[in-house]
Every structure is written in C-alpha cells, then in structure tokens.
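Each chain is listed here by its residues.
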Amino acid sequence: MEPLVSTDWLGSELGRPDLVVFDATMYLPNEDRDGHVEFLRAHIPGARYFDIDQIADTETDLPHMVPTPGRFARLIGELGVSSTTRVVFYDQKGLASAARGWWLMGLFGHDHAAVLDGGLPKWQREGRATESGKPPAPKPCLFRPDYRAAKLRGIGDLLHNVDTRDELVLDARAAGRFTGEVPEPRAGMRSGHIPGSVSLPYTDLLHPDGTFLSAEAVRVRLARAGVDGTRPVVTSCGSGVTACILTLGLRLAGLPEGAVYDGSWTEWGGRSDTPVETN
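The structure reproduced in this document is the subject of the present report. Keep in mind it's a predicted model, so treat the numbers as computed, not measured.

### Digging into the sheet that holds strand β2 (residues 19-23)
In sheet architecture, strand pairing relies on hydrogen bonds along the backbone and comes in two forms, parallel and antiparallel.
Then, number 1: In spatial order, the strands read β1-β5-β4-β2-β3; together these 5 strands make up an open sheet with parallel pairing. Each having just a single partner strand, β1 (4-5) and β3 (48-49) make up the two edges of the open sheet.
Then, number 2: Examined bridge by bridge, β1 and strand β5 (residues 113-116) share 2 bridges and lie parallel to one another. The residue of β5 that forms the bridge with Leu4 is Val115.

If you want it as structure tokens, here you go:
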C-alpha cells in the first residue's frame, strides 16, 4: 500500500470491507478546538475517530507517548483493525496529525497504512459527501503487533547524539519556535532547540492547501536540511506528531525513514537538565 493516497483513490475504495478510515485530528493546547467534537459534526462516510491522546501511554505526564505493543494491539483491535486491514488516516487541517497514525501503525509492524493527501479540507473542497454523528461500533478484531524499535528514539538517545552527532535531527516546528523567538504553545516549556538539530518546518514539505509537494521537491527540501541518505535521521517536533510528517516525507522521497523522537520538545524543553540552543 502506498503511504500517501489521493481523494480520488479513497473515493473509489470507500466502503470496501478490508478498509478502515480514521480521522486522527489533534489540536494544540492553544487552538481551543476539540478534534472529536468536530469529527462528530462532519467526517468522511464510515470513518472512525483515532484518538491520539488515548492510543498512547496514559501513565506518563507527557502527551500521547507511544503505548506498549499490548495496549496498542488491544485498542486498535477494538476499533476494528486486524493485521490484514488496510488503514487510511486523515485530519481536519489538511495534513497535520494524520501522519502520526500512519507512523504508529508502522512502528507496530503494520505496513498496510496510508495518509490521505490534503485530508478533510480537500475532500470537502471537492464536494464529496460527509456524515455527522457517532458512527456504529466496529466489530473488534485481532491485531498482532510486531514492534519495530529502530523507528523510535528516547531522550537518552538524543542526549547521546548531542555529543556524537551520529544522527541528523530534523525539527518540524515552525522556525520561530526553533530559534526561540516564538513561545511554545504548552505552558512551562523553554524556547529553543536541541543542540545540533536542524530546522525543517513540516509546512515546507506541503503546498498551501495541505497536500504534499512532489517527491522531487521533497527531496530538494530535505537535501537543503542536510539529508543525503547516508546519515541516519531522527525527526522531532513539539510532541511527536508533526515529526511524523517529516518521516512520511522521507518515505515519499525514497530515503531511509530513520526514527521519531517521541518526547520531542515537550520532553526536552520541559526539563532543566537538557541543553538548549537559541539562534
């Protein structure tokens, strides 16, 4: 399954029994919007809601950290996804949080997953149908996870990398947040970036309408950030969500995906014992 699918493709596949569509919208704390509430107002027909904050480790004070394989398998199975189900993720912004769902599926060994290019806004601009209200409860399925640890990095890995610079860390946040000129949306966060990391706002890989640039244009932007396919890449952002857009971009560009720093700036900037640069 290709990692990025078009609205035309989804329109032709919608309703097939082996396909599950998820709205994986997550809004930032300063946006004052609720993804699930807006899902109930309008969603792609047959879609289910993928709650990034709940399909997560709920025993940590960090937001939507990766759950255990067992928890993920149970929750995704309850949402009607088996190990053979095709899964498509979209979000209400265009392309902001859907890639997190796609990346989680890959982290737990499921490659039959994709992101809808342009998301719900493109779907609606094209005059395609939507539904409202709570969808019927899905029939639970058995999902067998195959955890791929190489796709994930923790704070210990990043602290080590500050010294070694063995891996290239790409920061998907807006440039002003990277430099420290713009405050973080989460209270209590220091401003700045991980020493040695490189700014690559995820919006640099997208058209203004929230669709991905061509593979060649993505490769050019990644190359400008220092990605050449030889040095392993770690993507980071505010809380491990938009970092997955950069990871998806690497896949689309035909480059090694590397890993995601799950705690991202919420973890790094929320501690007093981690080095921070501002420039």
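Back to the write-up after that little detour.
### With respect to the sheet that holds strand β6 (residues 152-153)
Then, number 1: With respect to topology, 5 strands assemble into an open sheet ordered β6-β10-β9-β7-β8, the strand pairing being parallel. Edge positions in the sheet fall to β6 and β8 (198-199), since each of these pairs with one other strand and no more.
Then, number 2: Relative to strand β10 (residues 259-261), strand β9 (residues 233-236) runs parallel, the two sharing 2 bridges. Paired with Thr235 across the bridge in β10 is Val260.
Then, number 3: Here helix α9 (residues 243-252) sits on the sheet in contact with β7 (168-171), β9 and β10, set at roughly 145 degrees to β9.

### As for the packing of aromatic side chains
Then, number 1: This structure, assessed with the given rule, holds 8 aromatic pairs.
Then, number 2: Between the aromatic rings of Phe22 and Phe89, the centroid separation amounts to 5.5 Å while the plane-to-plane angle is 25 degrees, which identifies the pairing as stacked. Of this pair, Phe22 sits in strand β2 while Phe89 is found in strand β4 (residues 86-90), placing the two residues 67 residues apart along the sequence. The same class applies to Phe22 as to Phe89, namely buried.

### Some thoughts on the side chain of Thr7
Then, number 1: Topologically, Thr7 is positioned in helix α1 (residues 7-13).
Then, number 2: A distance of 3.1 Å separates a polar atom in the side chain of Thr7 from a polar atom in the side chain of Lys122.
Then, number 3: When near neighbours in sequence (up to four residues on either side) are disregarded, Thr7 contacts Leu116, Asp117, Lys122, Trp123, Glu126 and Arg128.

### Some points on helix α4 (residues 98-107)
Two residues of an α-helix separated by three or four positions point the same way, owing to the 3.6 residues in each turn.
Then, number 1: The buried fraction of α4 amounts to 10 of the 10 residues, a majority that puts the element mostly inside the structure.
Then, number 2: For α4, every residue scored as buried is listed here: Ala98, Ala99, Arg100, Gly101, Trp102, Trp103, Leu104, Met105, Gly106 and Leu107.
Then, number 3: On its buried side, α4 packs onto α3 (69-78), β4, β5, β6, α9 and β10.
Then, number 4: Within two residues after α4, Gly109 carries a phi angle of roughly 85 degrees, on the positive side.

### A few points about the pairing of β4
Taken residue by residue, a regular strand's side chains alternate between the two faces of the sheet.
Then, number 1: Counting buried positions along β4 gives 5 out of 5 residues, so the element sits mostly inside the fold.
Then, number 2: By the bridge criterion, 5 bridges tie β2 to β4 in an arrangement that is parallel. Bridge assignment links Leu19 to a residue of β4, and that residue is Arg86.
Then, number 3: In the sheet, β4 pairs with β5 via 3 bridges, with the strands oriented parallel. Bridged to Val87 within β5 is Ala113.
Then, number 4: For the crossover that starts at β4, traverses α4 and ends in the parallel β5, the hand is right-handed.

### Here we look at the nonpolar core
Then, number 1: Membership of the largest hydrophobic core comes to 56 residues, with the highest contact counts inside it found for Phe50 and Phe89.
Then, number 2: Elements with a minimum of two residues in this core: β2, α3, β4, α4, β5, β7, α8 (215-224) and α9.
Then, number 3: Counting residues per element, this core draws most heavily on α4, at 7 residues.
Then, number 4: Not counting chain neighbours up to four residues away, the residues in contact with Phe89 comprise Phe22, Ala24, Phe50, Ala98, Gly101, Trp102, Met105, Ala113, Ala114, Val115 and Leu116.
Then, number 5: Core analysis: the second largest hydrophobic core is formed by 14 residues, Ile44, Ala47, Ala114 and Leu116 among them.

### Some remarks on the side chain of Ser239
Then, number 1: By the element assignment, Ser239 lies in the loop between β9 and α9.
Then, number 2: Since its relative accessible area comes to 4%, Ser239 is described here as buried.
Then, number 3: A distance of 3.5 Å separates a polar atom in the side chain of Ser239 from a polar atom in the side chain of Arg186.
Then, number 4: When near neighbours in sequence (up to four residues on either side) are disregarded, Ser239 contacts Pro63, His64, Arg186, Asp262, Gly263, Ser264 and Thr266.

Definitions and cut-offs
- Residues numbered from 1 in each chain as written.
- Predicted model: local features only at pLDDT ≥ 70, side-chain atom pairs only at ≥ 80, totals over all residues.
- Heavy atoms only, no water.
- Pairing = 2+ DSSP bridges.
- Helix = DSSP H or I, 4+ residues; strand = E, 2+ residues; numbered from the N terminus.
- Contact = heavy atoms within 4.5 Å.
- Axes fitted to C-alpha atoms, helices over the stretch in contact; angles between N-to-C directions.
- Phe/Tyr/Trp six-rings, centres within 6.5 Å; stacked < 30°, edge-to-face > 60°.
- Buried < 20%, exposed > 50% of the residue type's maximum accessible area, 1.4 Å probe, protein only.
- Polar contact = N/O pair within 3.5 Å; in protein donor to acceptor, adjacent residues only side chain to side chain.
- Right-handed = clockwise from strand over helix to strand, strands pointing away.
- Core = buried A, V, L, I, M, F, W, Y, C linked by side-chain atoms within 4.5 Å.

Read these as spatial facts, not as claims about activity.
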